[in-house]
Amino acid sequence: MPHIFPYFGKFVIASTRLTSSVLIALSMTLNTVVLAQPAKVPIPNPAPTNQAIPTPIPNPAPTEQSTNTIAQKLIGEWQTKDPSSPVTLTFMFSPDGKLYVLSPDTKTPVAVEFQYQINPTAQPMHLTIIVSKEKQPVLTIFEFTADGQLRLQLDNTDPGKPRPTAFSPTATLFTKVSDTTKLPENTKFINPQL
């Protein structure tokens, strides 16, 4: 498996799982209106008087407000712990569509910057991570658990691979530690294209 993050080689989660995913599309910022129903509603034929007409239960379409709620919930600093070491991996999602993967080294703040997009109307929700203009994006899925954690499918999500349709047992759970999107002072940026 090629390593997008050679700088995090000793960190198992970063070196094996980050290779595959890291960007979310904020589709709700496109101000695109999508009609969930045809503009002209078909009129059903009248039923015989001795039969009741069943009332269809509409499947509610996601609203712009629910889409924005998902995007807002994602923004902030999320952490996960590598089970094989004491190292913590940090993802920071910003409101302007940037995803920062922060180095586990706390002495010198180091970050890799990506762009991300989300599609919160898909089930499971889609996360697209744009590594660079030269490479195909990383396509993955995410969800929020009942206890507020972020579940990301990072395994087997290398650039150019199809988007997973379900979470594997090894999907990574992140805990939100802050709503901040401000990077530590003197953060050194690493170019993911190297």
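To start, this report covers the structure provided alongside it. (Residues numbered from 1 in each chain as written. Predicted model: local features only at pLDDT ≥ 70, side-chain atom pairs only at ≥ 80, totals over all residues. Heavy atoms only, no water.)

Another aspect to go through is the overall build of the protein. Per the secondary structure count, the protein includes two helices and nine strands. Along the chain direction, N to C, the helices and strands of the protein fall in the order α-α-β-β-β-β-β-β-β-β-β. A burial count over the protein gives 39% of its 194 residues as buried. Sequence-distant contacts in the protein: of pairs separated by 6 or more residues, those separated by 24 or more amount to 56%. Carbon and sulfur atoms make up 56% of the accessible area of the protein, which amounts to about 11,900 Å² in all. (Helix = DSSP H or I, 4+ residues; strand = E, 2+ residues; numbered from the N terminus. Buried < 20%, exposed > 50% of the residue type's maximum accessible area, 1.4 Å probe, protein only. Contact = heavy atoms within 4.5 Å. Areas by Shrake-Rupley, 256 points an atom, 1.4 Å probe, with all protein chains shown as cover.)

The next subject is unusual backbone geometry. With an omega of -5 degrees, the peptide bond between Gln 123 and Pro 124 qualifies as cis. Within the element layout of this structure, Pro 124 appears in the loop between strand S4 (110-119) and strand S5 (125-130). Unlike most non-glycine residues, Asn 156 shows phi in positive territory, near 55 degrees. Turning to its location among the elements, Asn 156 is positioned in the loop between strand S7 (150-152) and strand S8 (172-178). Residue Asn 156 is classed as exposed on the basis of its relative accessible area of 53%.

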